[in-house]
Every structure is written in structure tokens, then in C-alpha cells.
Amino acid sequence: MAKLYFRYGAMNSGKSTSLMQVAYNYEERGQKVIVIKSIIDTKGDKCLVSRIGLKREVDILLKEKDEIFSKGKQFKKDKIACILVDEAQFLNPDQVFDLYKISKIYDIPVICYGLRSDFKTNGFPGSLRLLEIADELEELVTICSCGSRATLNARKVNNEFVNQGDQVSIDEVGDVTYESLCGKCYLEKVMGKSVN
């Protein structure tokens, strides 16, 4: 039976790059994949864009209220070897459960890539559901500027750390950027707490 995987990591941990590498590996062997991303991720429009310059068009740009389960039968008929989902944190819980059902009913592996939490350390609805039901969890690791493992995402507006605002603000749109931080640096830089 196929599994639902959640590969999560802080910003800059290579999630989109990893997804594109997995897609390439399947396709190099003559197997078909479906690449999905949420329409909420406006960066790259209908493409996945990685920070190292890789780019790939998605097969399905999923709207916030779209359901995906009904496509499972067609995926099976089309002999889809794997479903790959980028920015999975933006999925709604029902969409995550649809992907879980597809993995079990149609025996198609589903690999979701996304953030575990936002810039205020709160979980995204899609990520929380994935943490609850994914068959396998894998953390993709990146490094904080201090050299420690980065696990949190800090938002910057006009190059200043902020801890207020809407949960979703796309990276590099307007004056918004993100920095991956370890817990200690997050408390110091974002929360203004002295940690010795």
C-alpha cells in the first residue's frame, strides 16, 4: 500500500529543489508524476521556483476550495507513479485527507513538501493535518546564520524582523523576505529576548 509522506523544513531547506529532483528521477525512468501546488503560492505563477534557480511547471494549481480526491481514478488510469505537492502548508485539511485517501485507495504514493510553522511559530492548517495523518515524516535540514540547525522561519519587512501580520505573505513579494533561524536566534532577533 502506498504512503502519504510529509517532508518539512524551514525556509531554504531545499524543499522545492528536492521535489523537482524526485520528479526528475521518476521521469528519467519513464514514469509519470503529477506536480501540484496551491494557488496561494503566487511566486512563480504556474511554476515551482527554487532558490538555486530550478523551475518547473505544475500540472495542477489547486484552488483553496478545490477537492482532489475525484481525480484519483484518472491518476490511476493514467498510471501516475507519484503525486508531488509543493507548499503543502497552504492546503486545507480536506485536501490533505483527499491525498491520504488517494494513496490508500488508488495505491499512488503522495509526497508533500512544506513548512511546519509560520513566522509566529504557529502551524499552518495543511501542515498540522499532515503531521496528524502522514505515514512518514521527514525533516529537511537547513542552517541558521549562527551555524546551528534552523527550525523556525522569521519574517522580515524592509529588512527588519517582525512578529505581527497575516499568516501568509509570499517571500520576495513586495518588501517581504524570510530567514531561517534556530530557536535561540529566533528568540533574540525576533522576540527581543536575551538568551545566554
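By convention here, each chain's residues receive numbers from 1 onward along its written sequence. For a predicted model such as this one, the threshold for reporting local features is a pLDDT of at least 70, and the threshold for listing and counting side-chain atom pairs is 80 or more; totals across whole chains, interfaces and linings nevertheless cover every residue. Heavy atoms throughout the structure, all of them, feed into the side-chain values; hydrogens and water do not.

Q: Report on the overall build of the chain, specifying residues and quantitative values.
A: Each helix and strand counted, the chain has 5 helices and 13 strands in total. Its C-alpha atoms put the chain at 55 × 30 × 30 Å along the principal axes. Considering the chain as a whole, with its 196 residues, one finds that 44% of them fall into the buried category. When checking whether two residues touch, look at their non-hydrogen atoms; a contact exists if any pair is within 4.5 Å. Of all intrachain contacts in the chain linking residues separated by at least 6 positions in sequence, the fraction that spans at least 24 positions is 74%. Note that accessible areas follow from Shrake-Rupley with a 1.4 Å probe, and for residues the cover is restricted to the protein chains shown. Just so you have it, the chain exposes about 10100 Å², and 48% of that area is on carbon and sulfur atoms. Counting from the N terminus, the helices are DSSP H or I runs at least four residues long and the strands are E runs at least two residues long. Buried, partly exposed and exposed residues are distinguished by accessible area as a fraction of the type maximum, computed with a 1.4 Å probe on protein chains only: under 20%, between the cut-offs, and over 50%, respectively.

Q: I'd like to hear about the packing of aromatic side chains, residue by residue, with values.
A: Only the six-membered ring of Trp is used, alongside the rings of Phe and Tyr, when aromatic pairs are assigned; centres must lie within 6.5 Å, and planes under 30 degrees apart are stacked while those over 60 apart are edge-to-face, with the rest tilted. Tallied over the entire structure, the rule returns 4 aromatic pairs. With a centroid separation of 5.6 Å and an interplanar angle of 40°, the aromatic rings of Phe6 and Tyr8 are classed as tilted. Both residues of the pair, Phe6 and Tyr8, belong to the buried class. On the basis of an interplanar angle of 10° and a centroid distance of 5.9 Å, the ring pair of Phe97 and Tyr100 is categorised as stacked. Here Tyr100 and Phe97 lie together in helix 3 (residues 93-105), a separation of 3 residues that amounts to about one turn. Both a distance and an angle decide whether a charge sits over a ring: NZ of Lys or CZ of Arg must be within 6 Å of the ring centre and within 35 degrees of the ring normal. Here the basic side chain of Lys101 rests over the ring of Phe69, its NZ or CZ set 4.8 Å away from the ring centre.

Q: Would you mind going over the sheet that holds strand 5 (residues 60-62) in detail, with residue names and values included?
A: The strand order across the open sheet formed by 6 strands is 5-2-6-7-1-8, and the pairing between neighbours is parallel. Either end of the sheet is taken by a strand with one partner, and the two such strands are strand 5 and strand 8 (136-139). Put simply, the sheet's adjacent strands are angled 20° from each other on average, direction ignored. Paired strands are those between which DSSP finds at least two bridges. In this sheet, strand 8 lies alongside strand 1 (residues 4-8) in parallel orientation, the contact comprising 4 bridges. Note on geometry: axes are lines fitted to C-alpha atoms, helical ones only across the stretch in contact, with angles between N-to-C directions running from 0 to 180 degrees.

Q: With reference to specific residues and values, describe the sheet that holds strand 13 (residues 176-181).
A: Within the open sheet, the 3 strands sit side by side as 12-11-13. Their pairing is antiparallel. For this open sheet the edge positions go to strand 12 (160-162) and strand 13, each flanked by a neighbour on one side alone. Put simply, the sheet's adjacent strands are angled 45° from each other on average, direction ignored. Alignment of strand 11 (residues 152-157) against strand 12, held across 3 bridges, turns out to be antiparallel. Paired with Val157 across the bridge in strand 12 is Glu160.

Q: Outline the nonpolar core, listing residues and values.
A: Side-chain atoms within 4.5 Å are what join buried Ala, Val, Leu, Ile, Met, Phe, Trp, Tyr and Cys residues into a set we call a nonpolar core. Among the nonpolar cores identified, the biggest contains 24 residues, and Phe75, Ile83, Val85, Leu99 and Cys112 are the most heavily contacted of them. With sequence-adjacent residues up to four places away left out, Ile83 is seen in contact with Ile34, Ile36, Phe75, Leu99, Ile102, Ile108, Pro109, Val110 and Ile111.

Q: Help me get a handle on a nonpolar patch on the surface, residues and values and all.
A: Two distance rules govern patches: like charges are joined within 9 Å, and nonpolar side chains (Val, Leu, Ile, Met, Phe, Trp, Tyr) within 5 Å, applied only to residues with over 30% relative accessible area and no salt bridge. A pairing counts as a salt bridge when a side-chain nitrogen of Lys or Arg comes within 4 Å of a carboxyl oxygen of Asp or Glu. Taken together, the side chains of Leu128, Leu131 and Leu137 present a nonpolar region at the surface, about 240 Å² in accessible area. Mapping Leu137 onto the fold places it in strand 8. In this structure Leu137 comes out as partly exposed when scored by relative accessible area, which is 45%.

Q: Outline the environment of Met1, listing residues and values.
A: Mapped onto the elements, Met1 comes out in the segment before strand 1. The exposed category is assigned to Met1, whose relative accessible area is 76%. Along the sequence, Met1 and Lys73 sit 72 residues apart, while their C-alpha atoms lie 16 Å from each other. Beyond its immediate stretch of four places on either side in the chain, Met1 contacts Ser103, Lys104 and Asp107.

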